[in-house]
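# Residue-level structure breakdown
Residue strings, one per chain:
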Amino acid sequence: MAEPKTTTTRMDGLTTADDAPTGASGGPGMAGQENRNDVDTALVVHPRQRQPSWLRRWKYALGAAGLAFLTVPFTTVGTWLLPGEAPTDLTNYALRTKRVLETTPLIDGHNDLPWLIRIELQNRIYDGRFDPTQRLLGHTDIQRMRQGQMGGQFWSVYVHCDKAQKHFEDPSWIVRDTLEQIDVAKRFMAEHPDVFTYCTTPSCVRTAFKSGKISGMLGIEGGHQLGGSIAAIRQAYDLGVRYITTTHNCDNAWATSASSVAAGAEDRGLTRFGAAYVREMNRLGMMLDLSHVSHQVMRDVLSLARAPVIFSHSGAYAVTEHLRNVPDDVLRSVRRNGGIVMAVFVNRFLNMKDPGAVTIHDVVDHIWHLAEVAGWEHVGIGSDFSGTPHVPAGLEDVSKFPDLMELLMARGATDDQIRGLAGENLLRVWADIERRGQEIRAEGEKPVEEEWEGREWHTHYRSSPYMYRETRERAVREGWGVPNQFNVKGGNHGHKVVKADEHV
Ligand SMILES: [Zn+2]
C-alpha cells in the first residue's frame, strides 16, 4: 500500500518544443504575464470583407500584435526575458530556472533554523559563535541560501508539544518559549540587514526581492504554542506571525493531529472549539496551515473556511501513504478553496518503505502529483530544512532548490508553472487570505471570545474594587482569595463555552 507510485502522466498544456501549448500555465493572479518577446507572430489573418486598404493594413498589424501578446505567454518562447535577452533554448533548464528565479522570489514555506539556534546556542547570537555567513553544518546558512537563489523564507518558530498533556490548560512554558523563538528569529534577521528583510505582507516580500534581499516571515508550528487561546492568536498576529500550523504532533484544543491517528487513535477531526479557531483565523487574515493535522481535520476545515488554506510542508498521499501527506479528495478541495500545498522534503513522508533511498526525483513525483490534482496554481515549496536530519539525495540543503526546478522543467513544467510553484502562488494565496480578512472585519465581525471547555480563570481578590455589586457579594460569599493567593475557579463564567469532546 505504501509503495510510492511514480506519476508519469503529463499535465495538459505542457510547453515543450514539440508540444504546441494551449494555455494551462499561469492562472488567476499570476503576476507578470507581460512579455517583451515578439517572436512567433506567424499568424494568418483572413479578412472576410473588403475594407479600405489603410484600415486593412492597420487591422492586420494590430490583430497580429494583439494575438501575439495573448499567445506568447503560452508558447515555447514564452520565457520571461529581460530587455536585450534572446529566447532560451528550452532544454537549457539551468538558464530557464535562473531567469525565473531572477524575476520571481523563491519562497520556502518551512525552515526550522530558529529551533537550532535555541537548542545549540540558547538563543545567544551576539557572542561570536554564531555566524550564518560562514558555512554551517546542516541545511541552512546565508551562503547557501544565496546559491539557492532564495527570495523568501518562512522561519518556523517551533516549540515541541507534550504528548502527555491531556488537559490543555496545564501551566506550560510553551507559550513563553514561542515568544522567545519569535524574538530570536527577528533578532537573527536584524543582524544581517544586507541579507534579510523581515516581512509581514506579500507586498513587502516583492519589495525586498526587488532590492536583492531575502524576505523572512514567521510561522508558528502548532496550536499548543498558543496555549489553546484564541486571544493568543491575535497577539501572535500582532507580533508578526503570519501562519499557524493547526496542530503539531499532539492533539490540541482545536484539532486531531496526523501523528495521533498514525499511532492508532481515532480521527476525531476538528473540535467545536476548533471551528471558532477557523473563524478567527479567517477574520484576522492569518494563514491557516493544515500540515500535521489529521485527514478529517483537513476536510472539516475546508468545509468551514471562508478563506484559502495552506499546507506549509506536506506531500501527496496518493504517492506515499503517510498520514502527514494530503489525500486526493483534499487536494481537489484545495483547488476549489484557492489554497496551496507546499511540498515537503522529509524522507519518510516521501517514501515510507525505504526512506534512506529517497532522492530529489521523489520530490519531483510528489510535486507532479500535487500539481496534477490540485492544479499548478495551488502548489509551492515547504522543505522542512533544518527541521529533519533526513532529506533527499540531491536536495541536501537550501542551495539545491534550483536543481528541483530544473528537473521539473525537464519533466515538462513551463516557466509559468515553475514561477507559481516557486513563489507566485504563495504570494497570491497570502494576499487573498489578507483580503478576505479585511472583508470580514469590514462587515463588523467581532473577535472570537469562545474558549476551550476546560478553561479555568483566576478569580479576583476579595478586596478588589469591583465594578459590580454582584461580584463583590460573590467574593465574600465564596471566600475569594487575598492578594498573592493564586485562586482558580472553574471554567464557566458566563461566556459561551463549547464542549471539548464535541467534534465536527
Ligand atoms: Zn513539521
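Residues numbered from 1 in each chain as written. Predicted model: local features only at pLDDT ≥ 70, side-chain atom pairs only at ≥ 80, totals over all residues.

Here we take up the overall build of the chain. Tallying secondary structure elements over the chain gives 16 helices and eleven strands in all. Out of the 504 residues belonging to the chain, those deemed buried represent 46%. Sequence-distant contacts in the chain: of pairs separated by 6 or more residues, those separated by 24 or more amount to 75%. (Helix = DSSP H or I, 4+ residues; strand = E, 2+ residues; numbered from the N terminus. Buried ≥ 20, exposed ≤ 12 C-beta atoms within 10 Å, placed from the backbone. Contact = placed C-beta atoms within 7 Å.)

Glancing now at the environment of Arg206. Within the element layout of this structure, Arg206 appears in helix α6 (residues 202-210). Judged by the 18 C-beta atoms lying within 10 Å of it, Arg206 falls in the partly exposed class. Placed 101 residues apart in sequence, Arg206 and Pro105 show a C-alpha to C-alpha distance of 7.3 Å.

Averaged over all residues, the pLDDT of the chain equals 83, while 77% of them reach at least 70. Across residues 1-54, where pLDDT falls below 50, the model places 90 contacts with residues more than four positions away in sequence or in other chains. (pLDDT = per-residue confidence, 0-100.)

Here we take up the nonpolar core. Membership of the largest hydrophobic core comes to 113 residues, with the highest contact counts inside it found for Leu288, Val301, Val341, Ile367, Leu370 and Val379. Those residues in contact with Val301 that lie beyond four places of it in its chain are Leu270, Val278, Leu288, Leu290 and Val309. (Core = buried A, V, L, I, M, F, W, Y, C linked by C-beta atoms within 7 Å.)

Moving on, we get to the packing of helix α7 (residues 230-238) against helix α9 (residues 272-284). The contact between α7 and α9 brings their axes to 10 Å, and the two run at 25°. Between α7 and α9, the interaxial angle falls into the category roughly parallel. By crossing handedness, the relation of α7 to α9 is classed as right-handed. Contacts between α7 and α9 involve Ile230, Ile233, Arg234 and Tyr237 from the first element and Ala276, Tyr277, Glu280 and Leu284 from the second. When the residues that make up the contact of α7 with α9 are grouped by side-chain class, the tally is six nonpolar, no polar and two charged. (Axes fitted to C-alpha atoms, helices over the stretch in contact; angles between N-to-C directions. Parallel < 35°, antiparallel > 145°, perpendicular 65-115°, else oblique. Left-handed = near helix turned anticlockwise from the far one by under 90°. Nonpolar A, V, L, I, M, F, W, Y, C, P; charged D, E, K, R; others polar.)

Moving on: the packing of helix α2 (residues 93-103) against helix α14 (residues 401-411). The N-to-C vectors of α2 and α14 enclose an angle of 120°; their axes lie 9 Å apart at closest approach. When the interaxial angle is binned, α2 and α14 end up oblique. Here α2 runs over α14; the crossing is right-handed. When α2 is examined against α14, the residues Tyr93, Ala94, Arg96, Thr97, Val100 and Leu101 are found in contact with a partner set consisting of Pro402, Met405, Glu406, Met409 and Ala410. Split by residue class, the contact of α2 with α14 holds eight nonpolar, one polar and two charged.

Turning to helix α15 (residues 415-442), a few remarks are in order. Taking 1.5 Å as the rise per residue, α15 with 28 residues should run 40 Å; its terminal C-alpha atoms sit 38 Å apart, in good agreement. Roughly 60° is the biggest bend found in α15, and it falls at Leu421. A positive backbone phi angle near 95° is found at Gly444, which sits one or two residues after α15. (Expected span 1.5 Å × (residues − 1). Bend = angle between axes of the 7 residues up to and from the residue.)

Another point: unusual backbone geometry. Here Asn123, not a glycine, exhibits a phi torsion of approximately 65°, which is positive. Looking at the element boundaries, Asn123 is found in the loop between α3 (113-121) and α4 (142-147). One non-glycine residue, Asp384, lies in positive phi territory at about 75°. Along the chain, Asp384 turns up in the loop between β9 (379-381) and α14.

With seven of its seven residues buried, strand β4 (residues 214-220) lies for the most part within the structure. Taking every second residue as pointing to the same face, both faces of β4 are buried, with Ile214, Gly216, Leu218 and Ile220 on one and Ser215, Met217 and Gly219 on the other. Of the pairings in the sheet, the one linking strand β2 (residues 150-156) to β4 comprises five bridges and is parallel in character. Across the sheet, residue Phe154 finds its bridge partner in β4, namely Met217. Where strand β3 (residues 196-198) meets β4, three bridges bridge the pair, whose relative direction is parallel. Each bridged residue has a counterpart across the sheet, and for Tyr198 the counterpart in β4 is Gly216. (Pairing = 2+ DSSP bridges.)

On to helix α13 (residues 360-374), then. Taking 1.5 Å per residue as the helical rise, α13 with its 15 residues ought to reach 21 Å, and the 21 Å between its terminal C-alpha atoms agrees with that figure. In terms of burial, α13 is largely enclosed, as twelve of its 15 residues are buried. Listing the buried residues of α13 in full gives Asp362, Val363, Val364, Asp365, His366, Ile367, Trp368, His369, Leu370, Ala371, Val373 and Ala374. As for α13, its buried residues are in contact with α11 (328-337), β8 (340-343), α12 (347-350), β9, α14 and α15.

The topology assignment puts Arg419 in helix α15. Measuring from C-alpha to C-alpha, the distance between Arg419 and Pro105 comes to 8.5 Å, with 314 residues separating the pair along the chain. The residues touching Arg419, leaving out its near neighbours within four places in the chain, are Val100, Thr104 and Glu424.

Turning our attention to the environment of Thr414. By the secondary structure assignment, Thr414 is in the loop between α14 and α15. Look at Thr414 and you get buried, because 29 C-beta atoms sit within 10 Å. Along the backbone, Thr414 and Leu90 are 324 residues apart, and their C-alpha atoms lie at a distance of 9.5 Å.

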